[in-house]
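A closer look at the structure
So the chains spell out like this:
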Amino acid sequence: SAAAGAERPQVVSHVQQALSYTVFDCKWVPRSARLLCLGSAARGTGLIQLYELRGARLQLLREIEKPKPIKCGTFGATSLQQRYLATGDFDGNLNIWNLEAPEIPVYSVKGHKEIINSIDGVGGLGIGEGAPEIVTGSRDGTVKVWDPRQNDTPVANMEPVQGESKRDCWTVAFGNAYNQEERVVCAGYDNGDIKLFDLKTMSLRWETNIKNGVCSVEFDRKDINMNKLVATSLEGKFHVFDMRTQHPTKGFASVSEKAQKSTIWQVRHLPQNRDVFMTSGGSGSLHLWKYEYPAQRSKKDSEGSEMGVAGSLSLLQNVTLSTQPISSLDWSPDKKGLCVCGAFDQTVRVLIVTKLNKI
């Protein structure tokens, strides 16, 4: 109905900025009106561009060139005072930069033999208990956890066991960091494998396969008891797992949705509402979703074991912005509904999503 339509969130393109290079990741700088674009220049070097949102335009404040193309970045393991950026590059290097003095990294390690596809941080920004840590996932098949206060050895290294073929790791995410002891890492791979590593027990806690390359995984919150996990895939489907109840054999309950015909590159939960999330697609579109919990989140099976019950999904809004894939997406942690996305049409867009308080 028209009235319901009027209440639905709208996705408004506020600013778009053409770039002269390929952008792989965009990030809001916490507690600021600034954002970063990370990518690869035409001549094969890496670029970090810092922009400030000034009304209806983006002002370039700084451009930093680095030897290798930069694939991904996170502020998740730094304090709000420092706001250091951790990046993964095409050569397997993990670097941490002070953007005020970005000439040389404050921390640097040759983390992987091949490109670092994905990076996430926890324990910083006042989010998540415990040590500040960074996780990196690489084409070399390994997932490594780093504590920047330690030297160049990872505090955890999840790699294929002897004789197992190495899979390209496309995405990593922290979760369950609700106290000093607990912490998990979820990793998604090119063959559809999803693995949940428990960093407290240093063991593989759960694994499944969604039959298609896993492009993006994200917990709805990092700093709470595991609640929900979204995994997106190469063929336009995504899965929401209820992580509250793990059945001994069936694992976690899930609901899946075919969002579109093309790859779902990214999923990002709204920082101010963990049941709302956005997916970005290969067709240049964004879809805004809401998860509805079932009346009861768990039930007993015939053996008396607790098993989860999956909820349902509703599409709040979708919009097509580009003819090229939207490969990166980040919500502002500070201003509800403010979002940035980067696409392969070499454009960065700042979006405003309205009416989020009505849902």
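Residues numbered from 1 in each chain as written. Predicted model: local features only at pLDDT ≥ 70, side-chain atom pairs only at ≥ 80, totals over all residues. Heavy atoms only, no water.

Helix and strand counts for the protein chain stand at one helix and 30 strands. Here the C-alpha radius of gyration of the protein chain, 20 Å, is about what a compact globule of 359 residues would show, namely 21 Å. Principal-axis analysis of the C-alpha atoms places the extent of the protein chain at approximately 60 × 60 × 35 Å. Counting all 359 residues of the protein chain, 57% fall into the buried class. Intrachain contacts of the protein chain at a sequence separation of at least 6 include 50% that bridge at least 24 residues. Summed over all atoms, the accessible surface of the protein chain reaches about 15,000 Å², with 46% contributed by carbon and sulfur. Taken together, the 43 basic and 39 acidic charged side chains of the protein chain have centroids lying 5 Å from each other. (Helix = DSSP H or I, 4+ residues; strand = E, 2+ residues; numbered from the N terminus. Rg over C-alpha atoms; globule rule 2.2 N^0.38 Å. Buried < 20%, exposed > 50% of the residue type's maximum accessible area, 1.4 Å probe, protein only. Contact = heavy atoms within 4.5 Å. Areas by Shrake-Rupley, 256 points an atom, 1.4 Å probe, with all protein chains shown as cover. Lys, Arg positive; Asp, Glu negative; His and termini not counted. Charge placed at Lys NZ, Arg CZ, Asp CG, Glu CD.)

This next bit is on the sheet that holds strand β28 (residues 326-331). Spatially, β1-β30-β29-β28 is the arrangement adopted by the four strands of the open sheet, whose pairing is antiparallel. Two strands in the sheet have a free side with no partner beyond their single neighbour: β1 (11-18) and β28. Each neighbouring strand pair of the sheet contributes to a mean axis angle of 20°, computed without reference to strand direction. Two strands pair when backbone bridges link them, and strand β29 (residues 338-343) and strand β30 (residues 347-353) are joined in this way by six bridges, in the antiparallel orientation. When the bridges of β30 are listed, Gly 342 appears paired with Val 348. (Pairing = 2+ DSSP bridges. Axes fitted to C-alpha atoms, helices over the stretch in contact; angles between N-to-C directions.)

So, on to the pattern of salt bridges. Taken as a whole and judged by the stated rule, the model has 21 salt bridges. Put simply, Arg 62 and Glu 103 hold a salt bridge, and the shortest N to O gap is 3.8 Å. Note that Arg 62 is positioned in strand β5 (residues 57-66) and Glu 103 in the loop between β8 (93-97) and β9 (107-110), a separation of 41 residues in sequence. For Arg 62, a relative accessible area of 30% gives the class partly exposed. By relative accessible area, which is 55% here, Glu 103 ends up exposed. For the salt bridge of Glu 114 with Lys 166, the shortest nitrogen-to-oxygen distance reads 3.4 Å. With Glu 114 in the loop between β9 and β10 (116-122) and Lys 166 in the loop between β13 (156-158) and β14 (169-175), the pair connects residues that are 52 residues apart, well separated along the chain. Salt bridges here are not isolated pairs; linked through shared partners, they connect Arg 34, Glu 52 and Arg 54. (Salt bridge = Lys/Arg side-chain N within 4 Å of Asp/Glu carboxyl O.)

As a further point, take the packing of aromatic side chains. Counted according to the given criterion, the structure contains eight aromatic pairs. Judged by centre distance (6.4 Å) and plane angle (80°), the ring pair of Phe 24 and Phe 344 falls under edge-to-face. Pair noted here: Phe 24 is in strand β2 (residues 22-28) and Phe 344 is in the loop between β29 and β30, with a separation of 320 residues, a long-range link. Ring centres of Phe 238 and Trp 289 lie 4.9 Å apart, and the angle between their planes is 65°; on these two criteria the pair is classed as edge-to-face. With a gap of 51 residues between them, Phe 238 in strand β20 (residues 237-242) and Trp 289 in strand β24 (residues 285-292) connect regions that are remote in the sequence. The same class applies to Phe 238 as to Trp 289, namely buried. (Phe/Tyr/Trp six-rings, centres within 6.5 Å; stacked < 30°, edge-to-face > 60°.)

Each regular strand shows side chains that alternate between the opposite faces of the sheet. With six of its seven residues buried, β30 lies for the most part within the structure. By the bridge criterion, seven bridges tie β1 to β30 in an arrangement that is antiparallel. When the sheet's bridge partners are listed, Gln 16 is paired in β30 with Arg 349. Where β29 folds back onto β30 in an antiparallel hairpin, the turn is made up of three residues, including Gln 346, whose phi is positive at roughly 60°.

Okay, the UniProt feature "repeat: WD" (unreviewed entry) in the protein chain next. Listed under "repeat: WD" (unreviewed entry) in the UniProt record, and renumbered for this structure, are residues 134-156. End-to-end, the C-alpha atoms of residues 134-156 are 10 Å apart, and along that stretch the chain is 0% helix and 43% strand. (UniProt positions renumbered as here; feature names shortened; annotations may be inferred.)

The next thing to look at is the pairing of β9. Along β9, the buried face is formed by Tyr 107 and Val 109; none of Ser 108 and Lys 110, which line the opposite face, is buried. In the sheet, β8 pairs with β9 via four bridges, with the strands oriented antiparallel. If you follow Asn 95 over to β9, its bridge partner there is Ser 108.

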